[in-house]
Amino acid sequence: MPAEPAGSGPPLDHIARIQAEWARERPGVDVSPQGVIGRLHRVAGMLTEQLCVVYRRFGLSEGEFDVLAALRRAGAPYERAPGELAAHTMVTTGAMTKRIDRLERGGLVTRRRAAADGRGRVVRLTPAGQDLIDRAFTEHMRNERRLLDALPPQEAAQLEALLTAWLSRLEPPRTEG
């Protein structure tokens, strides 16, 4: 795309260029939602890339990090049923089984039959898994701080409030149980 003429304002970002193209091609369609949705989607993708750098440093995928984190957040004895893990990480039970299999092969979790129901299973962090997630989580939080520090604190607080309000309207309330 040619450079913007002098005095026409700041250069258009990727989303603004797309909106301008659609406005030209489909002038009767309101493309203003792309301003928020498109930018949010791009930011999310960029953030995910930056977060995964830390996970990989610890030999983990994003999903494996999520499983270990969900177990660690459970508190001692750091265990949850596979279905509960799936709910806490928002994946199918089939995908969860694959993640647990990989983590078990790596010595980071164990599986056993549930005491109350012999058909059920319980997944538990091993000491090696707890050590790994503790180190990875500390680095993960440093990385998130670095990413968020691109915004002044007041803007970060405003963004959090806006996203919290929007998410509460999009996501059904979750009942603990």
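Look a little higher up for the structure.
Residues numbered from 1 in each chain as written. Predicted model: local features only at pLDDT ≥ 70, side-chain atom pairs only at ≥ 80, totals over all residues. Heavy atoms only, no water.

### Some points on the layout of surface pockets
Line of reasoning, step 1. The volume enclosed by the largest pocket comes to roughly 1300 Å³.
Line of reasoning, step 2. Lining the largest pocket are 32 residues, and of these Leu40, Val43, Leu47, Leu159 and Leu163 lie nearest its centre.
Line of reasoning, step 3. Going through the elements one at a time, α2 (33-57), α3 (62-73), α6 (127-148) and α7 (153-170) are the ones with two or more residues in the lining of the largest pocket.
Line of reasoning, step 4. Among the elements that take part in the lining of the largest pocket, α7 stands out by supplying 11 residues, more than any other.
Line of reasoning, step 5. A breakdown of the residues in the lining of the largest pocket according to their chemical character gives 21 nonpolar, 4 polar and 7 charged. (1 Å grid on protein atoms, 1.4 Å probe; cavity = no way out; pocket = protein on both sides within 12 Å on 5 of 7 lines; lining within 4 Å. Points joined across faces, edges and corners; volume = space filled by probe spheres on them. Helix = DSSP H or I, 4+ residues; strand = E, 2+ residues; numbered from the N terminus. Nonpolar A, V, L, I, M, F, W, Y, C, P; charged D, E, K, R; others polar.)

### Side note on unusual backbone geometry
Line of reasoning, step 1. Cis geometry marks the peptide bond from Ala76 to Pro77, where omega comes out at 10 degrees.
Line of reasoning, step 2. Within the element layout of this structure, Pro77 appears in the loop between α3 and β1 (79-80).
Line of reasoning, step 3. Positioned with a positive phi, Tyr78 is a non-glycine residue whose angle comes to about 60 degrees.
Line of reasoning, step 4. On the accessibility criterion, Tyr78 (18% relative accessible area) is buried. (Buried < 20%, exposed > 50% of the residue type's maximum accessible area, 1.4 Å probe, protein only.)

### With respect to the environment of Val36
Line of reasoning, step 1. Turning to its location among the elements, Val36 is positioned in helix α2.
Line of reasoning, step 2. Judged by relative accessible area, which is 49%, Val36 ranks as partly exposed.
Line of reasoning, step 3. Taking the C-alpha atoms as reference points, Val36 and Ile15, separated by 21 residues in sequence, lie 9.1 Å from one another.

### Some points on helix α4 (residues 82-89)
Line of reasoning, step 1. Among all positions of α4, only Leu85, Ala86 and Thr89 are buried. Relative to the axis of α4, the buried residues are bounded by an arc of 100 degrees and lie together on one face.
Line of reasoning, step 2. Each element contacted by the buried residues of α4 is listed here: α3, β1, α5 (93-105) and β3 (121-125).
Line of reasoning, step 3. Among the residues trailing α4, Met90 stands out with phi positive, at a value near 55 degrees. (Arc of directions from axis to C-beta. Contact = heavy atoms within 4.5 Å.)

### Looking at the pattern of salt bridges
Line of reasoning, step 1. Overall, the coordinates contain 13 salt bridges when judged by the stated rule.
Line of reasoning, step 2. Close ionic contact of Glu84 with Arg80 constitutes a salt bridge, the shortest N to O distance being 3.1 Å.
Line of reasoning, step 3. For Glu84, a relative accessible area of 36% puts it in the partly exposed group.
Line of reasoning, step 4. Overlapping salt bridges, with partners in common, bring together Arg57, Glu139 and Arg142 in one network. (Salt bridge = Lys/Arg side-chain N within 4 Å of Asp/Glu carboxyl O.)

### Re the sheet that holds strand β2 (residues 109-113)
Line of reasoning, step 1. With respect to topology, 3 strands assemble into an open sheet ordered β1-β3-β2, the strand pairing being antiparallel. The two strands at the open ends of the sheet, each matched to only one other strand, are β1 and β2.
Line of reasoning, step 2. Inspection of the sheet shows β1 paired to β3 by 2 bridges, in the antiparallel sense. By the bridge assignment, Glu79 is partnered in β3 with Arg124.
Line of reasoning, step 3. In the packing of α3 onto the sheet, the strands contacted are β1, β2 and β3, and the crossing angle to β3 comes to about 90 degrees. (Pairing = 2+ DSSP bridges. Axes fitted to C-alpha atoms, helices over the stretch in contact; angles between N-to-C directions.)

### Focus: the nonpolar core
Line of reasoning, step 1. Residues Leu60, Leu68, Leu85 and Val109 are the most contacted members of the largest nonpolar core, which totals 26 residues.
Line of reasoning, step 2. Elements with a contribution of two residues or more to this core: α2, α3, α4, α5, β3 and α6.
Line of reasoning, step 3. For this core, the element with the most residues is α3, which contributes 6 residues.
Line of reasoning, step 4. The residues contacting Val109, other than those within four sequence positions of it, are Leu68, Leu71, Ile100, Leu103, Glu104, Val123, Arg124, Leu125 and Thr126. (Core = buried A, V, L, I, M, F, W, Y, C linked by side-chain atoms within 4.5 Å.)

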